[in-house]
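Coordinate analysis (summary)
One-letter residues, chain by chain:
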Amino acid sequence: MNFSDARNEILQVLSKTERQDLPKLLEWLKTSDDLDDCLVDNQHVILQSIAEDLRACLPLEAVVPSETMAIQKTHQKPHPTVHVDAFLYDEETVDSLCEEGKMSRNYCLSCGSHRTALLDFISHSFSISELQFLFQKILPDLTGQLVVDVGSRLGAVLYGGYLYSAASQLVGVEISSEFIKLQTMVMEKYGFSDRVQVIHADVRSQAALLQNADVLIMNNVFEYFMEPSDQIQAWQFISQNFRKKGALLVTVPRIQEALASLEETVSLEMLTLSQWIEEVPLDYSIYLKNDTDPDSLKQIHLYRVLCPS
Ligand SMILES: C[S@@+](CC[C@H](N)C(=O)[O-])C[C@H]1O[C@@H](n2cnc3c(N)ncnc32)[C@H](O)[C@@H]1O
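Description of the structure in this document. Small disclaimer: the values here were computed from a predicted structure and weren't measured. (Residues numbered from 1 in each chain as written. Predicted model: local features only at pLDDT ≥ 70, side-chain atom pairs only at ≥ 80, totals over all residues. Heavy atoms only, no water.)

On to the pattern of salt bridges. Within the structure shown, the criterion is met by 10 salt bridges. For Glu 67, the salt bridge is made with Arg 153, and the minimal N-O distance between the two is 2.7 Å. Here Glu 67 is found in the loop between helix H4 (42-57) and helix H5 (68-75), whereas its partner Arg 153 is found in the loop between strand E5 (146-150) and helix H8 (156-164), with 86 residues between them in sequence. A network of salt bridges, in which partner residues are shared, links Glu 91, Asp 95 and Arg 105. (Salt bridge = Lys/Arg side-chain N within 4 Å of Asp/Glu carboxyl O. Helix = DSSP H or I, 4+ residues; strand = E, 2+ residues; numbered from the N terminus.)

What follows is the structure, given as structure tokens:
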């Protein structure tokens, strides 16, 4: 059935619906989980298939043994926290793993008792819904543009950008060789290599790439993976090299929040953020899917580079 036929059928159903039930029906159309299956697009199915392939290659917590700092920092959180990768595990998958007893949303307040409290979850990847929000709602048409993902990890941003945008080139820079192997495996299997490339490097060695980038994505890149002094150097390097006028920077969390813990040591040059970038306000109320966590979307911030290149 094409759009016009479907619309006529819906209008007929609406005209036959009792008047007092119309608002309820329209609200259901706008918000119900029952319609989620109709909203799943082909790209979403491909991303789910990639997530399934990657889940088979990684332990449940999706952290590799060499990530000692990330493991330590997660354990040091004031509230009990576990890493659940949002690209690999959507809400539905988490629910089924909890039912099977393989994952838990709770921890025990006193050992042996039934008193439990909710665990905090953190994710080192964007979820599929966040990728859709990023490439379909936040960013403009990316035809002819170079997108760079700093710390590309499982490659979620690269695959999302390939499927949901017209970006000409998507380049991931990742410091960990284990994740480079996984990204290469996915790119080859799904035929993404014509527009996607991954570089095994510290972003601090990639001046030319940053200078050419039109869009830079930074999803909580440094906090769990680098000492504060290295984080400061990395932010300085980025602010000195990512300077193409009008280029777009996406950060999670807000850039001021990412820098807050590094406060006193961040040099004056870095703190003159207002001369480097300006924030672009985002509309977070856009409907995606009902399982989208609105709080995680609100962590995504967009900035435009002001200074001349
Ligand atoms: C939170 S993950 C981001 C994942 C991915 N961009 C996404 O949004 O799905 C951060 C990644 O950055 C990598 N990383 C940390 N510091 C880096 C650096 N200096 N250069 C390159 N990669 C780095 C880490 O190994 C980790 O895999």
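Each packed pair of helices is defined by two parameters, the angle between the axes and the distance between the axes. At a minimum axis distance of 9 Å, the contact between helix H7 (residues 128-138) and H8 shows a crossing angle of 50°. On the basis of their axis angle, the class for H7 and H8 is oblique. For the element pair H7 and H8, the recorded crossing hand is right-handed. Touching Ile 128, Leu 131, Gln 132, Phe 135 and Gln 136 of H7 are Ala 156, Val 157, Gly 160, Gly 161 and Tyr 164, all from H8. Taken together, the residues of the contact of H7 with H8 sort by class into 6 nonpolar, 4 polar and no charged. (Axes fitted to C-alpha atoms, helices over the stretch in contact; angles between N-to-C directions. Parallel < 35°, antiparallel > 145°, perpendicular 65-115°, else oblique. Left-handed = near helix turned anticlockwise from the far one by under 90°. Contact = heavy atoms within 4.5 Å. Nonpolar A, V, L, I, M, F, W, Y, C, P; charged D, E, K, R; others polar.)

Below, the discussion takes up the packing of aromatic side chains. The full count for this structure, using the stated rule, is 6 aromatic pairs. Centre to centre, the rings of Tyr 162 and Phe 192 are 4.5 Å apart; their planes meet at 35°, and the pair counts as tilted. Separated by 30 residues along the polypeptide, Tyr 162 in helix H8 and Phe 192 in the loop between helix H9 (177-190) and strand E7 (196-200) bring together distant segments of the chain. For Tyr 162, a relative accessible area of 16% corresponds to the buried category. On the basis of relative accessible area, Phe 192 is assigned to the buried category, the value being 2%. Put simply, the rings of Phe 87, Tyr 159, Tyr 162, Tyr 190 and Phe 192 touch in pairs and so form one group of aromatic residues. (Phe/Tyr/Trp six-rings, centres within 6.5 Å; stacked < 30°, edge-to-face > 60°. Buried < 20%, exposed > 50% of the residue type's maximum accessible area, 1.4 Å probe, protein only.)

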